[in-house]
Amino acid sequence: MRAQGEPEAAPEHDGAKRFFLWTIGCQMNEAESAKAAALLSRAGYLQTYLEREADVVIVNSCVVRQAAEDKVAGKLGALMDLKRRRPDVRIALTGCMVTGQETRLAERFPHVDLFYGPSQFDRLVRIAPELAEVDLDLADLPHYYDEGVADPNVTAFVPIIYGCNFVCSYCIVPYRRGRETSRPLHQIVDEVQRLVARGVREVTLLGQTVNAYGHDLPNHPDLADLLAAVDAVDGVQRVRFLTSHPKYMSDRIVQAVADLPSLCEHINLPVQAGDNEVLRRMRRTYTVEHYRERIDYIRRTIPGVTLATDIIVGFPGETDEQFQHTYELLGELRFDKVHVAMYSPRPGTLSNRWEDDIPRVEKKRRHTAIEALQAGLLTERMHGNVGRCYEVLIDGRSRERWRGRTRGNNLVFFDAPGDWKGKLVDVRVTDSTPWFMLGDAVGVHEYAVSGR
Ligand code: SAM
Ligand code: SF4
């Protein structure tokens, strides 16, 4: 029996080392965790979902809001216990919490063995020496599912532009992710080809300002050029992209979504506020009028398009009346999805110098008001879908049903025997909530390898 305080031996298993990944935050973090997993798998490690079995633990962090940062700190605190019991376990912290903060973090979390910034995969070799044998160009491999793996993912995230050149007054991202850097077009197309060869059917192209893609590359291709090149990859069934900035939502990009068969009719275009004075203080660089015109153009150009947006409530100095303008804009534009966040002051940002003067209860009230507005709008809209048929790409099971998304990014569940993962299924909607639909499978599409 182990005496109290005495280190535990590494768990007994088949000899292979294991890694455990904990990820919070945006899709970019998910994509980067998948790359870390790809590299460790190539180095012979197995993924475990039990951290007590792990030889290497990677925590991928987010600091966009205080609540996310608190969760990361909580996770790291809990890992202290694991490290005490198993001093041989190697713990790494990556993501936006790390950039430029290594010394401070090392003092605060002395049990963490390695701090590495976003995408600095080469530094992982310090805690996983086997990586020295792995060609780090494999970081271009987005996926840890190699050929021959029985159950590959159906959807994948593909980062296309890193960083952000905007300086929205509330946002920490530019300070932690640096300036915009686009990946070469051919490299992205190559990655999508490899993903499709492994069974991926849908790719989501990622960037903090995804539609700024290409301005820093030779010959300045834009997102529309990239979309055309990705659409031409044999076997890709669906292409999405996020997050777009209203300033760069050009006619060319919107037209590409309308024209290219694999491009899903769904656009995520954060407005953040529906009041020009708040937008000015947020340093968003556009007006409500510009935003409204872009939404109008998108709706006229892409039949059946669904739209998502982001809103921050309780920005410093946001009056009742200014909030009301945001509320009214949401009522007018009737989005399919609204991600609403309560303003959270972030160190180093411009707005952090201003008083965070909206009390938490008032922020909460505004948050709840928008959620209630959306629930009402979506109850009606989703109910209108009952009886209609949608093409759904099945990505797995949850709630003991098959789960997938429509091209418009609506969540759909159905119940049927057999293996439906990866299939494009026509589902007739039988019931709905504001957040998802239930239905019956009424047909399956054949994948066309070319021409679709
Ligand atoms: N680049 C995108 C854009 O321009 O809208 C969004 C990226 S940002 C990392 C993701 C979302 O987090 C934002 O749309 C915003 O609503 C929210 N966010 C960022 N900073 C925030 C803050 N300080 N407090 C509350 N929400 C914040
Ligand atoms: Fe942050 Fe603004 Fe850049 Fe979006 S555009 S990542 S909100 S600074």
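Residues numbered from 1 in each chain as written. Chains lettered and ligands numbered in written order. Predicted model: local features only at pLDDT ≥ 70, side-chain atom pairs only at ≥ 80, totals over all residues. Heavy atoms only, no water.

Caption draft 1: Looking closely at the sheet that holds strand E3 (residues 56-61). Here five strands make up an open sheet; going across it, the order is E2-E1-E3-E4-E5 and the pairing parallel. With one partner strand each, in any of the chains shown, strand E2 (46-47) and strand E5 (114-115) form the two edges of the open sheet. In the sheet, strand E4 (residues 90-95) pairs with E5 via two bridges, with the strands oriented parallel. In the strand pairing of E5, Leu93 is matched with Phe115. Relative to strand E1 (residues 18-23), helix H1 (residues 27-42) is tilted by about 175°, and along the sheet it contacts E1 and E3. (Pairing = 2+ DSSP bridges. Helix = DSSP H or I, 4+ residues; strand = E, 2+ residues; numbered from the N terminus. Contact = heavy atoms within 4.5 Å. Axes fitted to C-alpha atoms, helices over the stretch in contact; angles between N-to-C directions.)

Caption draft 2: Molecular detail of the site of ligand 1. Taken together, 17 residues lie near ligand 1, and Gln208, Gln272, Arg284, Asp310 and Ser344 sit nearest. Taking Gln272, its side chain carries an N or O atom lying 2.7 Å from an oxygen atom of ligand 1. Arg284 places a polar side-chain atom, nitrogen or oxygen, 2.9 Å from an oxygen atom of ligand 1. Here ligand 1 loses 89% of its free accessible area of 560 Å² to cover by the protein chains. Those elements giving two or more residues to the shell around ligand 1 turn out to be strand E12 (306-313) and strand E13 (337-342). Here the residues of the shell around ligand 1 are counted per class, giving eight nonpolar, five polar and four charged. (Near = heavy atom within 4 Å. Polar contact = N/O pair within 3.5 Å; in protein donor to acceptor, adjacent residues only side chain to side chain. Areas by Shrake-Rupley, 256 points an atom, 1.4 Å probe, with all protein chains shown as cover. Nonpolar A, V, L, I, M, F, W, Y, C, P; charged D, E, K, R; others polar.)

Caption draft 3: Looking closely at helix H11 (residues 360-383). Between its terminal C-alpha atoms H11 stretches 34 Å, which fits the 34 Å expected from 24 residues at 1.5 Å a residue. Those residues of H11 that are buried are in contact with E12, helix H10 (320-333), E13, strand E17 (424-432) and strand E18 (436-444). (Expected span 1.5 Å × (residues − 1).)

Caption draft 4: View of the packing of aromatic side chains. Across all of its chains, the model carries nine aromatic pairs by this definition. The interplanar angle of 45° and the centroid separation of 6.4 Å between the aromatic rings of Tyr291 and Phe335 together place this pair among those described as tilted. With Tyr291 in helix H9 (residues 288-301) and Phe335 in the loop between H10 and E13, this residue pair connects regions lying 44 residues apart in the sequence. Accessibility assignment for this pair places Tyr291 and Phe335 in one class, buried. Considering the side-chain rings of Phe315 and Trp354, the 6.2 Å spacing of their centres and the 90° angle between planes classify their relative orientation as edge-to-face. One end of the pair, Phe315, is in the loop between E12 and H10; the other, Trp354, is in the loop between E13 and H11, with 39 residues separating them in the sequence. Clustering of aromatic rings is evident, with ring pairs tying together Tyr170, Phe315, Tyr343 and Trp354. It is Arg397 that lies over the ring of Trp402; its NZ or CZ is 4.9 Å from the centre. (Phe/Tyr/Trp six-rings, centres within 6.5 Å; stacked < 30°, edge-to-face > 60°. Buried < 20%, exposed > 50% of the residue type's maximum accessible area, 1.4 Å probe, protein only. Lys NZ or Arg CZ within 6 Å of the ring centre and 35° of its normal.)

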